[in-house]
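If you want the building blocks of each chain, they are given just below.
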Amino acid sequence: MSNVISLSEARLGDRGVITRVGTIGNDEHGAELERRLLELGFVEGARIQLLHQGAIGRDPMALKVDDMRVALRRREARGLTIELFAEAAE
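Just so we're clear, the structure is a prediction, and the values are computed from it rather than from any experiment.

What counts, and at which threshold
- Residues numbered from 1 in each chain as written.
- Predicted model: local features only at pLDDT ≥ 70, side-chain atom pairs only at ≥ 80, totals over all residues.
- Heavy atoms only, no water.
- Helix = DSSP H or I, 4+ residues; strand = E, 2+ residues; numbered from the N terminus.
- Buried < 20%, exposed > 50% of the residue type's maximum accessible area, 1.4 Å probe, protein only.
- Lys, Arg positive; Asp, Glu negative; His and termini not counted.
- Salt bridge = Lys/Arg side-chain N within 4 Å of Asp/Glu carboxyl O.
- Polar contact = N/O pair within 3.5 Å; in protein donor to acceptor, adjacent residues only side chain to side chain.
- Contact = heavy atoms within 4.5 Å.
- Pairing = 2+ DSSP bridges.
- Axes fitted to C-alpha atoms, helices over the stretch in contact; angles between N-to-C directions.

## A short note on the side chain of Arg74
- Within the element layout of this structure, Arg74 appears in helix H2 (residues 74-77).
- Nearest to the buried, unbridged Arg74 among oppositely charged side chains is Asp59, at 4.7 Å.
- Polar side-chain contacts of Arg74 include one of 3.1 Å to the backbone oxygen of Arg58.
- Every residue in contact with Arg74, bar those within four places of it in the chain, is listed here: Leu7, Ser8, Glu9, Ala10, Leu50, Gln53, Gly57, Arg58, Asp59 and Met61.

Here is the structure:
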């Protein structure tokens, strides 16, 4: 199993580091979403952990990004790539 996944594929308790912040499409909405994610602290090298997920469709997801907590929809998390820590990738 690869330890590099899209943040939208993360499971409860997964921990890792952000390796890429990108958009899903090349449209204006995708660029705006990428800008907002960067402003919220979703930057390459930030440590991330999935703390909670909603009961319906696992949305929204509550994340710990470095030392803050952020809620995000899974469709918004598709543009983020993370590398899971060794203990989480097993």
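That shown, we press on.
## Some points on the sheet that holds strand E1 (residues 4-6)
- Read across the sheet, 6 strands follow the order E1-E6-E2-E3-E4-E5 without closing on themselves; strand pairing throughout is antiparallel. Strands with a single pairing partner mark the edges of an open sheet, and in this sheet they are E1 and strand E5 (68-72). Averaged over neighbouring strand pairs, the angle between their axes works out to 40° when direction is ignored.
- Summarising the sheet, strand E2 (residues 15-21) and strand E3 (residues 47-53) pair through 3 bridges and their orientation is antiparallel. The residue of E3 that forms the bridge with Arg15 is Gln49.

Everything listed here is a matter of geometry and, on its own, says nothing about what the molecule does.
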